[in-house]
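Chain by chain, the residues:
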Amino acid sequence: MATDQKKKEPTNIVHQNAIFVELVKKERKDQKVFKDYSTNPYKEAFSLCGKPNSKHDSAEGAEDAEFLKTYRRSIQGPRGKYDFPQTEAQEVGWDTKPLVDPVPVSDRRLQHAHQWTEVTQYMEAVWTAKRQQNEEG
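Worth saying up front: this structure is predicted, and the values here are computed from it rather than measured. (Residues numbered from 1 in each chain as written. Predicted model: local features only at pLDDT ≥ 70, side-chain atom pairs only at ≥ 80, totals over all residues. Heavy atoms only, no water.)

Student: Describe the overall build of the protein, and please don't skip the residues or the numbers.
Tutor: A count of helices and strands for the protein gives 6 helices and 0 strands. Secondary structure of the protein in N-to-C order comes out as α-α-α-α-α-α. Among the 137 residues that make up the protein, the fraction classed as buried is 2%. For the protein, the computed accessible surface area is about 15200 Å², with 55% contributed by carbon and sulfur atoms. (Helix = DSSP H or I, 4+ residues; strand = E, 2+ residues; numbered from the N terminus. Buried < 20%, exposed > 50% of the residue type's maximum accessible area, 1.4 Å probe, protein only. Areas by Shrake-Rupley, 256 points an atom, 1.4 Å probe, with all protein chains shown as cover.)

Pasting the structure below:
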């Protein structure tokens, strides 16, 4: 069955280029480039805002209290907007206050400083000797 299959002829680059040139010629023949742009005279144009640096355009009208309230709320963070987290991701880090007040250093129940006894000094010397031996060897 493999012998029945014909080998595919390699693509001829010259023929491919000739086809592409013919395609471009046809497109250019039917293409119409417009260079004269204007507004539609039958449709009324509306100006939505004035010039950005114009004093008389920006000073008109009264302040919209509802808009200002909404805007100020939108620029706040989630903790300013909501009393409780709204998503699972917000729950992480929502309560940033420590659960327990800082413990004074004088309270020995919760302050466990390192104790240097004979056993800990001996083991420190052993581990230091082992480290040096491993670095050399």
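Having seen the model, we can carry on.
Student: Explain the packing of aromatic side chains residue by residue, including any values.
Tutor: Within this structure, the stated rule accounts for 1 aromatic pair. Taken together, a centroid distance of 6.4 Å and an interplanar angle of 20° make the contact between Phe67 and Tyr71 stacked. Of this pair, Phe67 and Tyr71 both sit in helix 3 (residues 65–74), separated by 4 residues, roughly a single helical turn. The exposure class of Tyr71 is partly exposed, given its relative accessible area of 46%. When the ring centre of Trp127 is taken as reference, the NZ or CZ atom of Lys130 above it lies at 5.1 Å. (Phe/Tyr/Trp six-rings, centres within 6.5 Å; stacked < 30°, edge-to-face > 60°. Lys NZ or Arg CZ within 6 Å of the ring centre and 35° of its normal.)

Student: Describe in detail a nonpolar patch on the surface, supporting the description with residues and values.
Tutor: A surface patch of nonpolar side chains, about 460 Å² in accessible area, is lined by Val119, Tyr122, Met123 and Trp127. Structurally, Trp127 is set in helix 6 (residues 118–136). (Patch = residues over 30% accessible without salt bridge, like charges linked within 9 Å, V, L, I, M, F, W, Y side chains within 5 Å. Salt bridge = Lys/Arg side-chain N within 4 Å of Asp/Glu carboxyl O.)

Student: Account for the pattern of salt bridges, naming residues and giving values.
Tutor: Evaluation of the coordinates by the stated rule reveals 1 salt bridge. With a shortest N-O distance of 3.5 Å, Lys26 and Glu22 are connected by a salt bridge. Pair noted here: Lys26 and Glu22 are both in helix 1 (residues 13–30), with a separation of 4 residues, about one helical turn. A relative accessible area of 48% means that Lys26 is categorised as partly exposed.

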